[in-house]
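Understanding the architecture of this molecule
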Amino acid sequence: MTAPAPVIRIVDDDDSMRAGIADLLASVGFATRAFSSVAELVAGDAAGPGCLILDIRMPGEGGLAFFQSAAFAAVALPVIFVSGHADITMAVQAMRAGAVDFLAKPFADQALIDAVNRALAIDRDQRATLSDTAALRARFATLTPGERAVTELVAAGLPNKTIAARLGVSEITVKVRRGHAMRKVGAATLPDLVRATDRIAPPQADTP
């Protein structure tokens, strides 16, 4: 199944700027969708691969406020900020928040094209990682409870003898379950199994 082509979403309250960016990107082969506000973006189709060109200051919710809000998780695209009213402090704040680039209007055409290419590369990498992790979780889901228990204790660094004692089984059983788990997960070596287990482990909460 062919992956959908990336789309560059342009959010700017300036009609002429929005149209100019769309025309520029279309001239080099990019598909675009334009929105006049953050609210219009959220209400529209923001799903799928691509990136977001976001004006940092707009009527209503500004681009930076949206980028730093919980609502942005529903979009979760790499962001290129553009602004005609920005200062250095605002640019630093945007970059520290994870923006791909910050371009002051008027910006050079090539600067925007280069930033879009970087953002699309980031989006591709992020989506590939998510896809790989989802596939790995599916393989882990095929483990029996016993195989999963052994795998988790192996990943914790416990030796076979200790694992056997904890689970109330023989060391041979531990080895057999570990071998089955490695085959199901696709781990060629024990370190591969540990790394795979770590990848799907839920993040640990910070202790006070």
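The residue numbers shown here count from 1 along each chain, following its written sequence. Where totals are concerned, whole chains, interfaces and linings use all residues; where local detail is concerned, this predicted model gives features only for residues with pLDDT of at least 70, and gives and counts side-chain atom pairs only at 80 or more. Based on all heavy atoms of the structure, the side-chain values leave hydrogens and waters out of the count.

**Describing the sheet that holds strand β5 (residues 101–104)**
Counted only if it meets this: Here, any two strands with at least 2 DSSP bridges between them count as paired. Put simply, DSSP marks the helices as runs of H or I at least four residues long and the strands as runs of E at least two long, and each gets a number from the N terminus on. Throughout, an axis means a line fitted to C-alpha atoms (over the contacting stretch in the case of helices), and angles, computed between N-to-C directions, take values from 0 to 180 degrees. The contact definition used throughout considers only heavy atoms, calling two residues in contact when any of these lie within 4.5 Å.
Taken in spatial order, the 5 strands make up an open sheet running β2-β1-β3-β4-β5, and their pairing is parallel. At either margin of the open sheet sits one strand with a lone partner, and together these are β2 (31–35) and β5. Each strand of the sheet is rotated relative to its neighbour by a mean of 20 degrees, with strand direction disregarded. Where strand β1 (residues 7–11) lies against strand β3 (residues 50–55), 5 bridges are found, and the strand directions are parallel. Its bridge partner lying in β3, valine 11 is registered against leucine 54. The strands touched by helix α1 (residues 15–27) are β1, β2 and β3; relative to β1, the strand with the most contacts, the crossing angle is about 165 degrees. Across the face of the sheet, helix α4 (residues 88–96) comes into contact with β4 (79–83) and β5 while running at roughly 155 degrees to β5.

**Points about the packing of helix α6 (residues 145–155) against helix α8 (residues 171–185)**
The test is simple: Oblique is the label for every angle not falling under 35 degrees (roughly parallel), over 145 degrees (roughly antiparallel), or within 65 to 115 degrees (roughly perpendicular). Under the scheme applied here, ten amino acids are nonpolar (Ala, Val, Leu, Ile, Met, Phe, Trp, Tyr, Cys and Pro), four are charged (Asp, Glu, Lys and Arg), and all others, including Gly, are polar.
Two elements in contact, α6 and α8, have axes whose closest approach is 9 Å; the angle formed by their N-to-C orientations is 90 degrees. In this view, α6 runs roughly perpendicular relative to α8, as classed from their interaxial angle. For the pair α6 and α8, the contacting residues are Gly146, Glu147, Val150, Thr151 and Val154 in the first and Val174, Arg177, Arg178, His180, Ala181 and Lys184 in the second. Looking at the contact of α6 with α8 residue by residue, the classes come out as 4 nonpolar, 3 polar and 4 charged.

**Section: the environment of valine 154**
Quick note on the threshold: Summary of the burial criterion: residues with accessible area below 20% of their type's maximum are buried, those above 50% are exposed, and those between are partly exposed, where the area comes from a 1.4 Å probe applied to protein chains only.
Within the secondary structure, valine 154 sits in helix α6. For valine 154, a relative accessible area of 9% gives the class buried. Considered as a pair, valine 154 and alanine 22 are 132 residues apart in the sequence and their alpha carbons are 53 Å apart. Setting aside anything within four residues of it in sequence, one finds valine 154 in contact with Ile163, Arg178, Leu190 and Val194.

**Points about the pairing of β3**
When you tally the buried positions in β3, you get 6 out of 6 residues, the bulk of the element. Every second residue of β3 is oriented toward a common face, with Gly50, Leu52 and Leu54 on one face and Cys51, Ile53 and Asp55 on the other, all of them buried. Relative to β4, β3 runs parallel, the two sharing 4 bridges. Within the sheet, the bridge partner assigned to aspartate 55 lies in β4 and is valine 82.

**Considerations on the environment of alanine 34**
Tracing the backbone shows alanine 34 in strand β2. Judged by relative accessible area, which is 40%, alanine 34 ranks as partly exposed. If we ignore the near neighbours within four places in the chain, the residues touching alanine 34 are Ile10, Arg18 and Glu40.

**Remarks on α1**
Applicable threshold: Take the number of residues in a helix, subtract one, and multiply by 1.5 Å to get its expected span.
Compared with an ideal rise of 1.5 Å per residue, which puts 13 residues at 18 Å, α1 spans 18 Å between its outermost C-alpha atoms and is within 8% of the ideal. Residues of α1 that are buried in the fold lie against β1, β2, β3 and α5 (109–140). Just past α1, the residue glycine 29 takes up positive phi, approximately 95 degrees.

**Regarding the side chain of aspartate 123**
Stated precisely, the cut-off is as follows: By the criterion applied in these results, polar contacts are pairs of N or O atoms within 3.5 Å in which, for protein atoms, one can donate a hydrogen and the other can accept it, and in which residues neighboring in sequence qualify only through two side-chain atoms.
Structurally, the position occupied by aspartate 123 is in helix α5. From its side chain, aspartate 123 meets the backbone nitrogen of glycine 50 in a polar contact 2.8 Å long. Contact partners of aspartate 123, with chain neighbours within four places excluded, come to Pro49, Gly50, Leu77 and Pro78.

That is the geometry; function is a separate question.
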